[in-house]
Amino acid sequence: MLNTLKNRFEQGYRTSRYPKEKIELPSPYRGLPKVSSNAPADVVKLCADECPQNAINPGNKMIDIGKCVFCGTCERLSEGRFVSFSRNFELAVSMKEHLITDGDLPSLSKHSKRNFKALFGRSLQLRQVSAAGCNACEADLNVLATPFFDLARFGINFVASPRHADGIVVTGPISRNMKTALLKTYEAVPSPKVVIAAGSCSITGGPFAGSHEVSPGLDSLIPVDLFIPGCPPHPLTYLHALLTYFK
Ligand code: SF4
Ligand code: SF4
C-alpha cells in the first residue's frame, strides 16, 4: 500500500490539460491537409491517379477527407507542392459536404445543430457501435477513457445499453451483417439523440468503399450530426470534436 502511494506521488498528475493548454503532436502525425491551388496540373493529376481512396478531385484541387486514409502518398508524390499535411488534429465537421476541403474547415462550434450544447453540455452518454471496424477506430476511442485523456471529467461516458445513451458513435464500414444491429441500436436510443460517424469507414466506406457488402456511409441509413474523419481519427480529434460540439 505504501509503495502504491509512493509510486502515485512520484508519478504526479498525468491527465492532459487539453483543451486549456494546446497539445503539439509529433511531426509523423498527419492532420488536416493543406492544398496548394497553384500546384502544376500534372502533379495534381499524378496524385489523383495514385490516391488509393479516389479522394482527390483534380478539377477543383480539393481533397475529400471523409474518404482519405491519410496515407501520405499525395504529399510524397507532390513533394509537398500540392498537398502537405499539418499537425492540426481538429478535423470534425457537422455537414458532410464540408469534408471536401482545400484545408480550410468551417468552425465546428458555429454549426452545432438542434441546440446540443443545452441538451448534452453537462452530461453526454454514448453507446459505441462497431459496425465491422478493423478495431483501430475503436481502440482510439477506448484511449479516451485512460488517465491522460480522462473523458469522464467532461461528463462524457460510454455506456453499455443504448437505452441509457443520448446517442451513438458508429465506427466501421457498416457491413450487411451489422446493418440490422446498428439500426436496432439507433432505434433503442431515446430521442432527442445524437449520431456520430467516426472514421472514414463509417463516413464513406473508407478502404472498403464500393463493396456491395458495406454501406456507402452512415448518413445513407440514418441522419448524422457529427462527422469525425481519420483512419483512425486521433484521440485528440475525437476529444476536440466532442468538446467543441457539445460543451
Ligand atoms: S493521403 Fe489521402 S488524399 Fe492523399 S493519397 Fe492518401 S488517401 Fe489519397
Ligand atoms: S476508418 Fe480506418 S481505422 Fe477506422 S475502422 Fe476503417 S479501416 Fe479501420
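Residues numbered from 1 in each chain as written. Chains lettered and ligands numbered in written order. Predicted model: local features only at pLDDT ≥ 70, side-chain atom pairs only at ≥ 80, totals over all residues. Heavy atoms only, no water.

*Asks:* Before we move on, can you summarise the sheet that holds strand β2 (residues 56-57) with the specific residues and values?
*Replies:* Read from one edge of the open sheet, three strands run β2-β3-β5, paired in antiparallel fashion. Each edge of the sheet is formed by a strand with only one pairing partner; in this case those strands are β2 and β5 (100-101). When β2 meets strand β3 (residues 62-64), the two strands line up antiparallel, connected through two bridges. By the bridge assignment, I56 is partnered in β3 with I63. (Pairing = 2+ DSSP bridges. Helix = DSSP H or I, 4+ residues; strand = E, 2+ residues; numbered from the N terminus.)

*Asks:* Would you mind going over the packing of aromatic side chains in detail, with residue names and values included?
*Replies:* Enumeration according to the criterion identifies eight aromatic pairs in this entry. Aromatic side chains F120 and F246 sit 6.4 Å apart centroid to centroid with 65° between the ring planes, which places their arrangement in the edge-to-face category. Placement of F120 in helix α4 (residues 116-120) and of F246 in helix α8 (residues 235-246) is noted, with a sequence separation of 126 residues between them. F246 gets classed as buried once you look at its relative accessible area, which sits at 0%. The interplanar angle of 90° and the centroid separation of 4.9 Å between the aromatic rings of F148 and F149 together place this pair among those described as edge-to-face. Since its relative accessible area comes to 7%, F149 is described here as buried. Of note, K193 hangs over the ring of Y186, and the distance from its end group to the ring centre comes to 4.2 Å. (Phe/Tyr/Trp six-rings, centres within 6.5 Å; stacked < 30°, edge-to-face > 60°. Buried < 20%, exposed > 50% of the residue type's maximum accessible area, 1.4 Å probe, protein only. Lys NZ or Arg CZ within 6 Å of the ring centre and 35° of its normal.)

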